[in-house]
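# Analysis of the macromolecular model
Listed below, chain by chain, are the residues.
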Protein chains: 2
Amino acid sequence: MKDVAARAGVGLSTVSRVVSEKSGVSRAKRRAVERAIAELGYSRNEFAHTLRTGSARTIGVVVTRISDPFYAQLVSTIEERAQERDLLVLVASAGDDPVEGERVLRRMLTRRLDGLIVVAHEEADVSFLAAEKEAGTRIVFVDRPPRGLHADLIAVDNERGAADAVAHLVQAGHRVIACLAHTSGRFTSERRQAGFRQGLRDAGLPARPELIVAVDDDVDACVEALRELWSLDDPPTALFTTNSRTTKAVLKALRLLDAHPALVGFDDFDLAELMNPPVTTIAQDPWAIGDAAAGLLFDRIAGLAGPERRITLGTRLIVRGSGELPPG
Amino acid sequence: MKDVAARAGVGLSTVSRVVSEKSGVSRAKRRAVERAIAELGYSRNEFAHTLRTGSARTIGVVVTRISDPFYAQLVSTIEERAQERDLLVLVASAGDDPVEGERVLRRMLTRRLDGLIVVAHEEADVSFLAAEKEAGTRIVFVDRPPRGLHADLIAVDNERGAADAVAHLVQAGHRVIACLAHTSGRFTSERRQAGFRQGLRDAGLPARPELIVAVDDDVDACVEALRELWSLDDPPTALFTTNSRTTKAVLKALRLLDAHPALVGFDDFDLAELMNPPVTTIAQDPWAIGDAAAGLLFDRIAGLAGPERRITLGTRLIVRGSGELPPG
DNA sequence: TTGTAAGCGTTATCAT
DNA sequence: ATGATAACGCTTACAA
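This structure is a prediction, so every number in the text was calculated from the model and none was measured.

In this section: the packing of helix 2 (residues 12-19) of chain B against helix 3 (residues 27-40) of chain B. All names here are of chain B. Contact geometry of helix 2 with helix 3 gives a least axis separation of 10 Å together with a crossing angle of 80°. By the angle class used here, helix 2 and helix 3 are roughly perpendicular. Of the residues in helix 3, those touching helix 2 at Thr14, Val15, Arg17, Val18 and Val19 are Lys29, Arg30, Val33, Glu34 and Ile37.

Our next topic: the pattern of salt bridges. It is possible for side chains of opposite charge to pair when their charged atoms get near one another. Residue and element names in this part refer to chain A. Inspection of every chain in the model, using the stated rule, returns 40 salt bridges over all chains. As a salt-bridge pair, aspartate 291 and arginine 81 come within 2.4 Å of each other at their nearest N and O atoms. Remark: arginine 81 occurs in helix 5 (residues 69-84) and aspartate 291 occurs in helix 12 (residues 286-301); sequence separation between them is 210 residues. The exposure class of arginine 81 is buried, given its relative accessible area of 16%. Of the charged contacts, one joins aspartate 268 and arginine 320 as a salt bridge, the two residues approaching to 3.1 Å between their closest N and O atoms. Separated by 52 residues along the polypeptide, aspartate 268 in the loop between strand 9 (262-266) and strand 10 (280-283) and arginine 320 in the segment after strand 12 (316-318) bring together distant segments of the chain. On the basis of relative accessible area, arginine 320 is assigned to the partly exposed category, the value being 22%. Each of Arg7, Arg35 and Glu39 takes part in salt bridges that share partners, so that together they form one network.

Before going further, it helps to spend a moment on the protein's contact with DNA strand D. Neighbouring DNA strand D are 24 residues, the closest being Ser13(A), Ser26(A), Met1(B), Tyr42(B) and Arg52(B). If you look at DNA strand D and keep only atoms within 4 Å of the protein, 57% of those are sugar or phosphate atoms. In the environment of DNA strand D, a phosphate oxygen lies 2.9 Å from a nitrogen or oxygen atom belonging to the side chain of Lys22(B). Here Asn45(B) contributes a backbone N or O atom positioned 3.0 Å from a phosphate oxygen of DNA strand D. Sorting the residues of the surface near DNA strand D by element identifies helix 2 (12-19) and helix 4 (46-53) of chain A together with helix 2 and helix 4 (46-53) of chain B as the ones contributing at least two each. At 4 residues, the largest contribution of residues to the surface near DNA strand D is made by helix 4 of chain B. Among the residues forming the surface near DNA strand D, the class breakdown is 6 nonpolar, 12 polar and 6 charged.

So, about the environment of Gly173(B). Here Gly173(B) shows up in the loop between helix 8 (158-171) and strand 6 (177-182). When the C-alpha positions of Gly173(B) and Met1(B) are compared, they lie 74 Å apart, and in sequence the two are 172 residues distant.

Right, let's talk about the protein's contact with DNA strand C for a bit. The environment of DNA strand C is formed by 26 residues, the closest being Met1(A), Ser16(A), Arg52(A), Ser26(B) and Arg52(B). The sugar and phosphate moieties of DNA strand C supply 59% of its atoms located within 4 Å of the protein. Interatomic distance of 2.9 Å between a side-chain N/O atom of Ser13(B) and a base nitrogen of DNA strand C. At a separation of 3.4 Å, a phosphate oxygen of DNA strand C approaches a polar side-chain atom of Lys29(B). Sorting elements by how many residues they give to the surface near DNA strand C places helix 4 of chain A first, with 5 residues.

In the numbering adopted here, UniProt assigns the feature "domain: HTH lacI-type" (unreviewed entry) to residues 1-53 of chain A. Between the first and last C-alpha atoms of residues 1-53 of chain A the distance is 17 Å; the span itself is 70% helix and 0% strand.

Right, let's talk about the relation of the copies chain B and chain A for a bit. Note on the copies: chain B fits chain A at an RMSD of 0.1 Å, the axial shift is 0.1 Å, and the rotation between them is 180°. Within this description, the copies of the chain are treated as partners about a two-fold rotation axis. Distance from the rotation axis, computed per C-alpha, reaches its smallest value in chain B at Leu90(B): 2.2 Å. A symmetric contact is evident, with 100% of the interface residues of chain B recurring at the interface of chain A.

Here we take up the interface of chain B and chain A. With 46 residues of chain B at the contact, the number on the chain A side is 46 residues. When residues of chain B are sorted by the area they lose upon contact with chain A, Phe47(B), Leu88(B) and Leu274(B) head the list and together hold 17% of the total. At the junction of chain B and chain A, the tally comes to 6 salt bridges. Salt-bridge contacts for Lys248(B) lead to Asp270(A); the nearest nitrogen and oxygen are separated by 2.7 Å. Between chain B and chain A we count 20 residue pairs in polar contact (both at pLDDT 80 or more) in total. Of all the elements in the fold, those that place two or more residues in the side of chain B that touches chain A are helix 4, helix 5 (69-84), strand 2 (88-93), helix 6 (98-109) and helix 11 (244-257) of chain B. Along the lines of polarity and charge, the residues of the side of chain B that touches chain A split into 21 nonpolar, 11 polar and 14 charged. Inspection of the sheet shows strand 2 (residues 88-93) of chain A paired to strand 2 of chain B by 3 bridges, in the antiparallel sense. Pairing of Leu90(A) across the sheet is with Leu90(B), part of strand 2 of chain B.

A separate point is the sheet that holds strand 1 (residues 58-63) of chain A. With mixed pairing, the 12 strands of this open sheet are ordered in space as 11(A)-5(A)-4(A)-3(A)-1(A)-2(A)-2(B)-1(B)-3(B)-4(B)-5(B)-11(B). With partners counted over all chains shown, the strands left at the sheet margins are strand 11 (310-313) of chain A together with strand 11 (310-313) of chain B, one partner each. Strand-to-strand twist of the sheet, defined as the mean angle between neighbouring strand axes without regard to direction, takes the value 20°. The sheet contact formed by strand 4 (residues 138-142) of chain A and strand 5 (residues 152-156) of chain A spans 3 bridges and is parallel. The partner of Val142(A) across the bridge, within strand 5 of chain A, is Ile154(A). With respect to the sheet, helix 5 of chain B is in contact with strand 2 of chain A together with strand 1 (58-63), strand 2, strand 3 (115-118) and strand 4 (138-142) of chain B, its orientation differing from that of strand 1 of chain B by roughly 175°.

This paragraph deals with the packing of aromatic side chains. All names here are of chain B. Taken as a whole and judged by the stated rule, the model has 5 aromatic pairs over all chains. Ring centres of phenylalanine 196 and phenylalanine 240 lie 5.9 Å apart, and the angle between their planes is 5°; on these two criteria the pair is classed as stacked. With phenylalanine 196 in helix 9 (residues 186-202) and phenylalanine 240 in strand 8 (residues 238-241), the pair connects residues that are 44 residues apart, well separated along the chain. Looking at phenylalanine 196, the relative accessible area reads 1%, which means it is buried. Phenylalanine 240 sits in the buried class, given a relative accessible area of 0%. Note that arginine 192 overlies the ring of phenylalanine 266, its terminal NZ or CZ placed 3.9 Å from the centroid.

Reading guide: rules and limits
Here the residue index of a chain counts from 1 through its sequence in written order. Chains and ligands are labelled by the order in which they are written, letters from A for the one and numbers from 1 for the other. This being a predicted model, a pLDDT of at least 70 is required before a residue's local features are given, and a value of 80 or more before pairs of side-chain atoms are given or counted; all residues contribute to the totals for chains, interfaces and linings. Based on all heavy atoms of the structure, the side-chain values leave hydrogens and waters out of the count. Inter-axis angles, ranging from 0 to 180 degrees, are taken between N-to-C directions of lines fitted to C-alpha atoms, where helices are fitted over the stretch in contact. Strands here mean DSSP runs of E at least two residues long; helices mean DSSP runs of H or I at least four residues long; both are numbered from the N terminus. Every angle not falling under 35 degrees, over 145, or within 65 to 115 is termed oblique; those three ranges are roughly parallel, roughly antiparallel and roughly perpendicular. We call two residues in contact whenever any of their non-hydrogen atoms come within 4.5 Å of each other. Between Lys or Arg on one side and Asp or Glu on the other, a salt bridge is scored when a side-chain nitrogen of the former is within 4 Å of a carboxyl oxygen of the latter. Residue exposure (1.4 Å probe, protein chains only): buried if accessible area is under 20% of the type maximum, exposed if over 50%, otherwise partly exposed. If even one non-hydrogen atom of a residue comes within 4 Å of a molecule or strand, that residue is called near it. A 3.5 Å cut-off defines polar contacts: any pair of N or O atoms within that distance qualifies, except that in protein one atom must be a possible hydrogen donor and the other a possible acceptor, and neighbouring residues in sequence count only when both atoms are side-chain atoms. Following the grouping adopted for this structure description, the nonpolar residues are Ala, Val, Leu, Ile, Met, Phe, Trp, Tyr, Cys and Pro, the charged ones are Asp, Glu, Lys and Arg, and the polar ones are all others, Gly among them. UniProt positions are given in the numbering used here, feature names are shortened, and annotations may be inferred rather than shown by experiment. For the least-squares superposition of copies, only C-alpha atoms count, and only for residues with pLDDT at least 70 in both. Take the accessible area each of two parts loses on contact, using a 1.4 Å probe, and add the two losses: that sum is the buried area. Two strands qualify as a pair provided that DSSP identifies no fewer than 2 bridges between them. The criterion for an aromatic pair is that two Phe, Tyr or Trp rings (for Trp, the six-membered ring) have centres within 6.5 Å, with stacked assigned to planes under 30 degrees apart, edge-to-face to planes over 60 apart and tilted to the rest. The criterion is that NZ of a Lys, or CZ of an Arg, lies within 6 Å of the ring centre and within 35 degrees of the ring normal, and then a charge sits over that ring.

Written as structure tokens, this is what we have:
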């Protein structure tokens, strides 16, 4: 910057004004500075800039696993929206371990970010973020409410979505429906189970506990769970799965068992339409979620005050056929 | 930091030494400083640190689309490796537009990154990176060689993989094989087409130009292309697709057409095993690629000198059945 | 071992 | 409109 000033024959402040696109510089000097910048290939040192101004023009996004298509889409959307505002995006996977997750978050906060979007591990206590929040870092949570902290949240209507799935299956004539709930994801999984039960109630059907089973996304575990379900006196004719990883595992298990019950899965997934039969899903829109999260975060950064918001997005039933198989 | 020093009753440099985990501090003072840090909830300002030392402890990753599962996995792996070294990762999607891509890269470089991993748009001229490279930013390219720049590259053996696919189809008895090549991705697509032709040569079969068609990943375009192939005098009994987006589009088109030719696709994809029949693929391992890219980048950052490297990773034929359908 | 002070590249304040 | 100068928070000679 000194070099630029020297070459342009102006003072440091003038260069700074030009670089920061501030007014109050004569056309002539502005031109001179711009030329010097071009000639010297100068670009502002963002660290000095940040040190001085306090804003890093960077936001952070922490998700459990970037490689999960849902989160990948979420990150993608946020990054797109950030680009529009000339913000850079730091990403990190928090992984399955809450302790590691805290380490990851802390490392991020080290960077005096303008804002942070977090999909935290559901068990993780994030009360340690309170100090940062107090200190001015805007934080928006996605998918699950933070434990130990009041903060903005973008989530989907898990109950409603699950109830829609049940209604769809009931309409196709099913009376005995099982719910395969993913073991991880306590919050979302529980909300979806609750919606499942509500859906049964709405249809005047009993919510039999033996028809709600916890599985992880391991195919063998799903095979086992399905065998047990079918060994019941009154076995289910339809299945509801609480997330796409479970849906996929169940589909693989069903192929192994050569079984073809009706099925509706929470979360849409790529190639659902190519399954045999095509899989009906309750879609949550990662684009809309990311957009809402980024939007709220940017509003907060811009100074939006007021109490914590909790924005709930709807889900959409995508009928493809697997939910309409008749019982039996 | 001043506060910490005051509270601990020591000088600034002592605090700095403790924070930077440098030796030469007495046990007593170190303890005092650590206590003061804990009490005050102090954490080092990374920008001041970077301003002083020059290293941001941050790397950048630029891919064409984060939401693409392949790149999501790549980013995930790189981020994982970065975490081990306490590095943070900036990500950005360069999109399909080379101009926008240059903007994205420039914005990243603004941050004096320790290193950069890039999957550039294939048409994009990245010669503007030469100055940065000269200035010391380590850059590793992935998947496609950069245009207008000599730099490290991690890629897969596209020719070999494609030739393997052809060999597999030939072994199943196919003599007329079509190649559906994705229109984008000039470099990879061309390499894979070359491999396709080589595979035919190896089998003593002619490479008929009318059997190599360019499609994008639009289902209608694939339907059209397939119809034309089947209107040939001697229509193909097997298909080779040059990437997973194309493979998926072709699968959707085949369902619409209710056609069941043999098929091998370049790139593995989730649920390939649940297709009907399960889809045989040439898998490139995004984990291995990310690992290699991160490894080389870290080596360069650590001072590894020497000429540009070009690391080629192998592919793996995953036989699932779709390639073994007999002709006719 | 410890502290003092200079300086990293900016921007903000204040004269001019 | 412009420029000198003092921070921003840290590291690192150098001196003690």
